[in-house]
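# A structural walkthrough
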Amino acid sequence: MRFGVVLERLAQLIPVLFGVCLVVFLMVTLTPGDPVEIMLGNERSTPEQAEELRRQMGLHLPPHERFFAFIGNAVTGDFGRSFFHRRPVIEVIAERLPATLELTIVAMTIALGLAIPLGILAALKRGSWLDRVATMVSLAGVSMPGFWFGIMLIMLFAVHLGWMPVSGRVDYALEVPRLTGMILFDSLAHGRFDTFRDALHHILMPALTLGLAMSALLMRVTRASMIEVLQQDYILFAEAKGIGRARLILRHGLRNALIPTVTVAALETGYLLGGNTIVETVFGWPGLARVIVEGIFSRDYPLVQAGVLVIALIYVGVNFVADLLYTLINPRVKL
Amino acid sequence: MTKRRIPSLLASAALLAMLVAVSAPSSAADLRVGFTQDALTLDPANHRKRETETIIRNIYDGVMTQAANGEVLPELVESFRQIDPTTYEAVLRRNVKFHSGEPMTAEDIKFTFDRLTKDKAMGGETSPRQSLLGPLQDTIVVDAHTVRFKLKEPWPVFPRMLPVQEVVSKAWVTRVGDAALAGQANGTGPFRLVEWRRGDSIIMERFADYYGGTPAIPPAGPARVDRAIFKIIPENASRVAALLAGEVEIINEVPIHMIGQIERSGRARIAKANGTRTFFIALNVTKPPFNDVRVRRAANHAVDKKLLIDKLLGGAATSVAGVLSPESFGFKPGIREYRHDPEQARKLMAEAGLSGGVDVTIDTEGAFKDQAEAIAAMLTRVGIRAKVQVWEGAVLTPVWRAQNKTRDMYLSSWGSGALDPTGIFVPTLKTKDRGNSSGYSNAEVDRLLTLADGELDPAKRADMYHQAERIVAEEAPWLFLWVPQDIYAISNRVRGWEPGSDSRINLHRAHFVN
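## Describing the overall build of chain B
Along its length, chain B carries 15 helices and 20 strands. In terms of C-alpha radius of gyration, chain B reaches 26 Å, essentially the compact-globule figure of 24 Å for 514 residues. With the principal axes as the frame, chain B shows a C-alpha extent of 90 × 80 × 40 Å. Looking at the 514 residues of chain B, the share that counts as buried comes to 57%. Within chain B, residue pairs in contact and separated by at least 24 positions form 68% of the contacts whose partners lie at least 6 positions apart.

## A closer look at the overall build of chain A
Within chain A, the secondary structure is distributed over 14 helices and zero strands. Along its sequence from the N terminus, chain A presents helices and strands in the succession α-α-α-α-α-α-α-α-α-α-α-α-α-α. In terms of its C-alpha atoms, chain A occupies a principal-axis envelope of roughly 85 × 55 × 40 Å. Counting the 335 residues in chain A, one finds 50% classified as buried. Carbon and sulfur atoms provide 69% of the accessible area of chain A, an area that totals close to 16,000 Å². Separation of charge centres in chain A, based on 28 positive and 26 negative side chains, amounts to 12 Å.

## Observations concerning the packing of aromatic side chains
Residues and elements named next belong to chain B. Under the defined criterion, the tally for this structure stands at 19 aromatic pairs over all chains. Between Phe80 and Tyr88 the ring centres are 5.6 Å apart and the planes differ by 20°, which places this aromatic pair in the stacked class. Taken as a pair, Phe80 and Tyr88 share a single burial class, namely buried. On the numbers, 5.0 Å between centres and 70° between planes, the contact of Phe113 with Phe149 is edge-to-face. Taken as a pair, Phe113 in helix α3 (residues 106–117) and Phe149 in strand β7 (residues 146–151) lie far apart in primary sequence, 36 residues in all. Overall, Phe113 belongs to the buried group, its relative accessible area being 0%. Among the residues examined, Phe149 registers a relative accessible area of 0% and is labelled buried. Taken together, Phe80, Tyr88, Phe113, Phe149, Trp155 and Phe158 form an aromatic cluster joined through their ring pairs. When the ring centre of Trp196 is taken as origin, the NZ or CZ atom of Arg198, which lies over that ring, is 4.1 Å away.

## Brief notes about the sheet that holds β7 of chain B
Residue and element names in this part refer to chain B. An order of β4-β5-β7-β6 is seen for the four strands of this open sheet, with the pairing classed as antiparallel. Two strands bound the open sheet, and with one partner strand each, they are β4 (77–84) and β6 (136–143). Strand-to-strand twist in this sheet, taken as the mean axis angle between neighbours without regard to direction, amounts to 20°. Note: strand β5 (residues 87–92) against β7, five bridges, orientation antiparallel. Note on β7: the bridge partner recorded for Thr87 is Lys150. Those strands touched by α3 are β5, β6 and β7, and its axis lies near 170° from that of β6.

## Things to note about the side chain of His47 of chain B
Residues and elements named next belong to chain B. On the secondary structure map, His47 appears in the loop between β1 (30–35) and α2 (50–56). In terms of polar contacts, His47 uses its side chain to reach the backbone amide nitrogen of Lys49, at 3.1 Å. Excluding its chain neighbours within four sequence positions, the residues that come into contact with His47 are Thr41, Thr52, Glu53, Ile56, Pro128 and Arg129.

## Remarks on the domain arrangement of chain A
All names here are of chain A. Domains assigned within chain A are domain 1 (17–75) and domain 2 (96–329). With centres defined by C-alpha atoms, the gap from domain 1 to domain 2 works out at 36 Å. Taken together, the 14 residues of domain 1 in the interface contact twelve residues of domain 2. Around 1,200 Å² of area is buried between domain 1 and domain 2 when both sides are counted, 77% of it from carbon and sulfur atoms. Per-residue buried area on domain 1 facing domain 2 is highest for Leu17, Val28 and Phe70; these three make up 39% of the total on that side. Linking domain 1 with domain 2 are zero residue pairs in polar contact (both at pLDDT 80 or more). At the level of secondary structure, the elements contributing two or more residues to the side of domain 1 that touches domain 2 comprise α1 (3–30), α2 (35–40) and α4 (63–75). For the side of domain 1 that touches domain 2, the leading source of residues is α1, giving six residues. Residues of the side of domain 1 that touches domain 2, tallied by class, amount to eleven nonpolar, two polar and one charged.

## Things to note about the layout of surface pockets
All names here are of chain A. Roughly 600 Å³ of internal volume is contained in the second largest pocket. Along the wall of the second largest pocket there are 27 residues; nearest its centre are Gln56, Met57, Gly58, Arg81 and Phe83. Mapped onto the lining of the second largest pocket, the elements with two or more residues apiece are α1, α3 (47–56), α4 and α14 (301–329). Taken together, the residues that form the lining of the second largest pocket break down as ten nonpolar, nine polar and eight charged.

## What to know about the pairing of strand β13 (residues 277–283) of chain B
All names here are of chain B. In terms of burial, β13 is a largely internal element, six of the seven residues being buried. The sheet contact formed by β13 and strand β17 (residues 409–415) spans seven bridges and is antiparallel. Along β17, the bridge assignment pairs Leu283 with Met409. Taken together, the four bridges between β13 and strand β18 (residues 478–491) define a ladder with antiparallel strand orientation. Considered in β18, the bridge of Ile281 is made with Leu479.

## A closer look at the interface of chain B and chain A
Each partner contributes to the interface: chain B provides 56 residues, whereas chain A provides 55 residues. Both sides of the chain B and chain A interface together cover about 4,600 Å² of buried area, and 52% of this is carbon and sulfur. Run the count over chain B and chain A and you get five salt bridges. Residues Glu195 of chain B and Arg178 of chain A are paired through a salt bridge, measuring 3.7 Å at the closest nitrogen-oxygen approach. Breaking the side of chain B that touches chain A down by element, the ones donating at least two residues are α1 (5–20), β1, β8 (191–197), β10 (227–232), α6 (236–244), α12 (393–401) and β17 of chain B.

Each value, and the rule that gives it
Residues numbered from 1 in each chain as written. Chains lettered and ligands numbered in written order. Predicted model: local features only at pLDDT ≥ 70, side-chain atom pairs only at ≥ 80, totals over all residues. Heavy atoms only, no water. Helix = DSSP H or I, 4+ residues; strand = E, 2+ residues; numbered from the N terminus. Rg over C-alpha atoms; globule rule 2.2 N^0.38 Å. Buried < 20%, exposed > 50% of the residue type's maximum accessible area, 1.4 Å probe, protein only. Contact = heavy atoms within 4.5 Å. Areas by Shrake-Rupley, 256 points an atom, 1.4 Å probe, with all protein chains shown as cover. Lys, Arg positive; Asp, Glu negative; His and termini not counted. Charge placed at Lys NZ, Arg CZ, Asp CG, Glu CD. Phe/Tyr/Trp six-rings, centres within 6.5 Å; stacked < 30°, edge-to-face > 60°. Lys NZ or Arg CZ within 6 Å of the ring centre and 35° of its normal. Pairing = 2+ DSSP bridges. Axes fitted to C-alpha atoms, helices over the stretch in contact; angles between N-to-C directions. Polar contact = N/O pair within 3.5 Å; in protein donor to acceptor, adjacent residues only side chain to side chain. Domains from an automatic or database assignment. Buried area = accessible area lost by both parts, 1.4 Å probe. Nonpolar A, V, L, I, M, F, W, Y, C, P; charged D, E, K, R; others polar. 1 Å grid on protein atoms, 1.4 Å probe; cavity = no way out; pocket = protein on both sides within 12 Å on 5 of 7 lines; lining within 4 Å. Points joined across faces, edges and corners; volume = space filled by probe spheres on them. Salt bridge = Lys/Arg side-chain N within 4 Å of Asp/Glu carboxyl O.

Pasting the structure below:
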């Protein structure tokens, strides 16, 4: 992999991100509903006060000027001020993003941890009871709505058994050291094992809710891809050479079969980052997705624009890393 | 199994065991509230949100406070009196300290109110709460413990607006800067801010040097729990689950269909208080068919409100014959309510020449779709063939606020936190006022509302509102509905807090029983 190619690929991301900015800007601007009216609500106000508020929010400028101001400022890391939080948007995002990232990472770990071994087993024992059970569980996982599954987990493990906390990231009485904002990581880095344990305890149910649904899809992809690879001539050849079973499956089979799994995992990570509003709401998880949805209802343009841009940035970043991973998994793949 | 694998298996098992064992570092003397929304900011002057106010009010006290029954009482002041139609004088309590340890003085009161009312006084920005203080022109320091509030014109509702303005320290704000107030707090209230984990929880602890709050609501003294925590749990089912699992002791916005589950649990009780919002259907009086008072009366007779309240609202609402909630200033019984009488409705429709019926649309937001559909079915039975159109609030509100009314019916609500007619009657029914969705205009009502706005004798003022309300009930620009109750659940272990009609959760007097 040449460094130049990587740079070229990175440069290609710029128009993508510009496109995202434009689409999001147009969507929030064209959606009916006036942030000034929402903010003033039902209270008494003069037209002058409304105009002053409009000016403070920068909404007195024509749309194209607002767009280029947004792009110009965004490049320097300034995303403007949130209309409703009434402070810089970047602060709001910086507070919420680590919670979403942490949940995504743990959910994805659970999903891959379940999907890859189960996918391999199902492929090896195709048509067996194990394969059927795995397929059925995966079908259930894909079709189960996240909010329902989440609430069922809460009712069983938090209310009836009392094993798990219902909501939040960590017990309020525990000290949370600050570093990255990801509590699991920060508490380990500072040797606060009590906080780590409690945070793990809190993240388990939301991460399971997201991870199980995700693992269902990943398992099916891994299984299908593994079945295809196992039918290749080189597998037969390797088997004829007398290679051990484990080595055959893991080195020769899995390595080749993983590419579709990596692709889907990268796409699903994007979904987890932006689409887990429901799970964040059910488990009172203070993540980015929830704050963006609140922003949409209150027409908090700067917050929505910046929030979506950050998610898009991570999404293209993850997919870029996935592309790089292909070349590591299978050196024949060229960027 | 190879020897190498044993340690890793043991480690996994240990991790699992560690997870299943519940950790419980939180102390038993901590009171936790499962609350729907996080504060947007901790700056008392920089928001317009009821939920933000509810949280902040535990840290910051106000010049005045409001009892659960709606009565306005002095809080940070010993006395509060009106000395002429446009001037009020307040004498401060002597022993009030901010959490930083500095004593509160008249300068702090002036600074607080200047910050709220003067243009660009909040670090270069104007407070979004400016309009809540109406014609307040100036706050004058008389001596270290006395201030005067000077109004541009008489405004009898002024004292009622004071419980929702909290006092900040001049020295502290100058020291830390206005922007810092968004995330830090230094109030005079019963709790001191420990930490705000945004979106997750606000952790407060008892302020040992608290002056005790207003003696008018006993018992005065410091807070009775060690810590108070607002845990943000936006989802209804999860909030109820947190209460049942013992993770929180108080929750707000209990959904009606979960009341039974909470009561059966034996762990908590349900507490209700009339809310501050009146629900109604605005009838567009500027065009047919609702420009005819007979059709408007027919609509009122067609709806069985008792049935709707019992079946759709779980009994948790109070039917209203007019505009004002029973807790509001100026509310008087005796306004004749349109009884459920479909026969009378059909007769009125025939008188209006509409015996063949008429087609109309009820506009509303998603949350009230069920209610709108039930009402539509009842109206259809008397010949007002109604269909329901659901909109998003941000889109629908401007459609009905516009002066040119084009649509038929609007199921909506209006709230007045101060429980004063000036905050609900005037905006929704005075000619061309900001929330007059039905396009209603009556010179006598306008005259009475204007007079009442400046009338300083409370009895006379209440009479004026009552007269105006009678006219409105008679002319029926609305299909009058109800005031829903706010529903809370409180753990059986908690005493000392009952919900009031202001939707506030002040935890100062709350405590545990064994």
